[in-house]
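Observations on the three-dimensional arrangement
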Amino acid sequence: MSESEATPDDEAATDEETVDDGAKLFGVWSVAEIEYNDPSTKRYINVTPIAHTMGRHAAKQFEKSEISIAERLINRLMQTEDNTGKKQQAANIVNDAFETIHEQTEENPVQILVTAVENAAPREETVRLKYGGISVPKAVDVAPQRRVDEALKFIAQGTHNGSYKSATDASEALARQLMGAADNDVESYAITQKEERERVAAAAR
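To start, this report covers the structure provided alongside it. (Residues numbered from 1 in each chain as written. Predicted model: local features only at pLDDT ≥ 70, side-chain atom pairs only at ≥ 80, totals over all residues. Heavy atoms only, no water.)

**Considering the environment of D169**
Within the secondary structure, D169 sits in the loop between α6 (144–163) and α7 (170–182). Separated by 73 residues in the primary sequence, D169 and D96 have C-alpha atoms spaced 10.0 Å apart. (Helix = DSSP H or I, 4+ residues; strand = E, 2+ residues; numbered from the N terminus.)

Written out as structure tokens, the structure is:
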């Protein structure tokens, strides 16, 4: 058989690659050509069209960085009393928030999410050091992976605070948090928490 002849297996592999290249998050949002403004966190913000990996990375330390940033946000939203274990509900909240973001900004909500995480990631925080029984705060740099973890936590907490016992839907509260963080809005809960943590760290230098 000549090299120019293609086997059915080769054609199937080509078709699979085409499907993978064209796959979209929630079947709607493109994950191609996402821009990163912070080189330190780029490695830890993974953007894929998969929103549910069935926990395949759960048993491996630091493997969470291989999970899509959208799924990590979904997992964070589940870490509340009302949403514990309700992954499909949390995924619907994120999907609805993405649609709201697109309606209001006409931009790719995946890009908004990435920018929001970059902006909400604290660069400094404090630790407690003990010297002869005296506890002293000390400013330290935050590791890139922890920066992403903290940004997702701030966004999830802001969403919970904005929707708990409120007429505001969780998806609308999440959309506000993401758009506010992406714009570096100081009224956004995530940005407020980041700046507060950095302010405390600056005072402890």
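Structure's up, so let's keep going.
**Describing the packing of aromatic side chains**
Applying the stated rule across the entire model yields 1 aromatic pair. Their ring planes at 75 degrees and their centres at 6.0 Å tell us that F26 and F98 sit as a pair that is edge-to-face. Here F26 is found in the loop between β1 (24–25) and β2 (29–30), whereas its partner F98 is found in helix α4 (residues 87–105), with 72 residues between them in sequence. Judged by relative accessible area, F98 falls into the buried class, the value being 0%. (Phe/Tyr/Trp six-rings, centres within 6.5 Å; stacked < 30°, edge-to-face > 60°. Buried < 20%, exposed > 50% of the residue type's maximum accessible area, 1.4 Å probe, protein only.)

**Observations regarding the pairing of strand β4 (residues 134–141)**
Relative to β4, strand β3 (residues 124–131) is paired through 8 bridges, and the arrangement is antiparallel. Within the sheet, the bridge partner assigned to V127 lies in β4 and is K138. Where β3 folds back on β4, the antiparallel hairpin that results is connected by 2 residues, among which G132 adopts a positive phi of roughly 60 degrees. (Pairing = 2+ DSSP bridges.)

**As for the pattern of salt bridges**
Summed over all chains, the structure comprises 13 salt bridges. A salt bridge links D38 to R147, with the nearest nitrogen and oxygen atoms 3.0 Å apart. Taken as a pair, D38 in the loop between β2 and α2 (39–42) and R147 in helix α6 lie far apart in primary sequence, 109 residues in all. Residue D38 is classed as buried on the basis of its relative accessible area, which comes to 16%. (Salt bridge = Lys/Arg side-chain N within 4 Å of Asp/Glu carboxyl O.)

So yeah, pure geometry; function would need other evidence.
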